[in-house]
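Residues per chain, in single letters:
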Amino acid sequence: MQKKTQYYTRTAQYLHWIMAIIFISAWLIGFYSGNFLSYDTDGSLKGTIITLHKNIATVIIFLVIIRIFWRYTHPAPQLPDAMSPTMKTMAHLGHLVLYLLLLALPITGCIFSWSAGHPAPVLYLFEIPRLVQDNPDLLDIIKPIHIYLSWFAGIVVLGHIFMALKHHFIDKDNVLRSMLRQEK
Ligand code: HEM
């Protein structure tokens, strides 16, 4: 019988860490702009920072599509035998929620921007074709959805990091290493 791999593929590892950096940067920049800058006092700086937030965050849409495809074609390593069935189910559910947030945040962000009459730019290179026209009614609905989802995502990502560290330092298993190393 072929031995089951204990490690994610190199591609899955790169996708994970690149997306982690982009996601956390986009989150911090969005949070800073939304809560510490105002158009009245910071005018053009606020515009520059929101534009930066959008240009970074839209990349997630492209990467998450590649990542979901990769996840389906390259199964993840099994969770440690020491974990109870309930903990394994919780871990799988947590990962599913993370994937849904990786889709929902950039999508609601784009609709937020379009309905406010602005573009959804990608890495200062091009814009995602506009799927929604200026629409103040839609803006009133989508804006709080994007903001509350982003707070929820902040909590889920912190929980994800906490659990990864617990596996590594307390349970002393292979979970964190499976996202860092390769089979010798
Ligand atoms: C992974 C993707 C994303 C994450 C993690 C994220 C996160 C956030 C966060 C944390 C905030 C601040 C919420 C608050 O006010 O407390 C925010 C605001 C905002 N986001 Fe996003 N976002 C993402 C994608 C996008 C995209 C793709 C766009 C548009 C193309 C976008 C447009 C906005 C706008 C316009 C604001 C309001 C900023 C302000 O009021 O100053 N976001 N986002």
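Residues numbered from 1 in each chain as written. Predicted model: local features only at pLDDT ≥ 70, side-chain atom pairs only at ≥ 80, totals over all residues. Heavy atoms only, no water.

To continue, consider the overall build of the protein chain. Looking only at helices and strands, the protein chain features 5 helices and 2 strands. In the protein chain, the succession of helices and strands from N to C terminus is α-α-α-α-β-β-α. Here the protein chain, with 184 residues, has 33% of them falling under the buried criterion. Partitioning the contacts of the protein chain with sequence separation of at least 6, the portion at a separation of at least 24 is 70%. For the protein chain, the computed accessible surface area is about 12000 Å², with 70% contributed by carbon and sulfur atoms. Charged side chains in the protein chain number 15 positive and 10 negative. The centres of these two groups are separated by 15 Å. (Helix = DSSP H or I, 4+ residues; strand = E, 2+ residues; numbered from the N terminus. Buried < 20%, exposed > 50% of the residue type's maximum accessible area, 1.4 Å probe, protein only. Contact = heavy atoms within 4.5 Å. Areas by Shrake-Rupley, 256 points an atom, 1.4 Å probe, with all protein chains shown as cover. Lys, Arg positive; Asp, Glu negative; His and termini not counted. Charge placed at Lys NZ, Arg CZ, Asp CG, Glu CD.)

A few words now on the site of the ligand. In the vicinity of the ligand, 25 residues are found, and the nearest of them are Ser 33, Asn 35, Lys 46, His 53 and His 146. A distance of 2.7 Å is found between an oxygen atom of the ligand and a side-chain nitrogen or oxygen belonging to Lys 46. For the shell around the ligand, the secondary-structure elements that each account for two or more residues are α1 (10–36), α2 (39–57), α4 (85–115) and α5 (136–171). When residues of the shell around the ligand are assigned to their parent elements, the largest contribution, 7 residues, is made by α1. (Near = heavy atom within 4 Å. Polar contact = N/O pair within 3.5 Å; in protein donor to acceptor, adjacent residues only side chain to side chain.)

What follows covers the UniProt feature "domain: Cytochrome b561 bacterial/Ni-hydrogenase" (unreviewed entry) in the protein chain. Annotation from UniProt places "domain: Cytochrome b561 bacterial/Ni-hydrogenase" (unreviewed entry) at residues 8–181. Across residues 8–181, the secondary structure splits into 74% helix and 2% strand, with the terminal C-alpha atoms separated by 8 Å. (UniProt positions renumbered as here; feature names shortened; annotations may be inferred.)

What follows concerns the side chain of Thr 58. Mapped onto the elements of the fold, Thr 58 is located in the loop between α2 and α3 (59–73). Judged by relative accessible area, which is 5%, Thr 58 ranks as buried. A polar contact is formed between the side chain of Thr 58 and the backbone oxygen of Pro 121, at a distance of 2.8 Å. Discounting chain neighbours no more than four positions away, the residues touching Thr 58 are Cys 110, Ala 120, Pro 121, Val 122 and Ile 128.

What follows is about the packing of aromatic side chains. As enumerated under the stated definition, the model contains 5 aromatic pairs in all. Ring plane angle 65 degrees and centroid distance 6.2 Å describe the contact between Phe 31 and Phe 36, whose orientation is recorded as edge-to-face. Among the residues examined, Phe 31 registers a relative accessible area of 31% and is labelled partly exposed. Its relative accessible area of 57% is what places Phe 36 among the exposed residues. A centroid spacing of 6.3 Å and a plane angle of 25 degrees characterise the contact between Tyr 32 and Phe 36, whose relative ring orientation is stacked. With Tyr 32 and Phe 36 both in helix α1, this residue pair falls 4 residues apart, about one helical turn. For Tyr 32, a relative accessible area of 36% puts it in the partly exposed group. Through a chain of ring-to-ring contacts, the aromatic side chains of Trp 27, Phe 31, Tyr 32 and Phe 36 assemble into a single cluster. The ring of Tyr 39 is capped by Lys 46, whose NZ or CZ atom sits 5.5 Å from the centre of that ring. (Phe/Tyr/Trp six-rings, centres within 6.5 Å; stacked < 30°, edge-to-face > 60°. Lys NZ or Arg CZ within 6 Å of the ring centre and 35° of its normal.)

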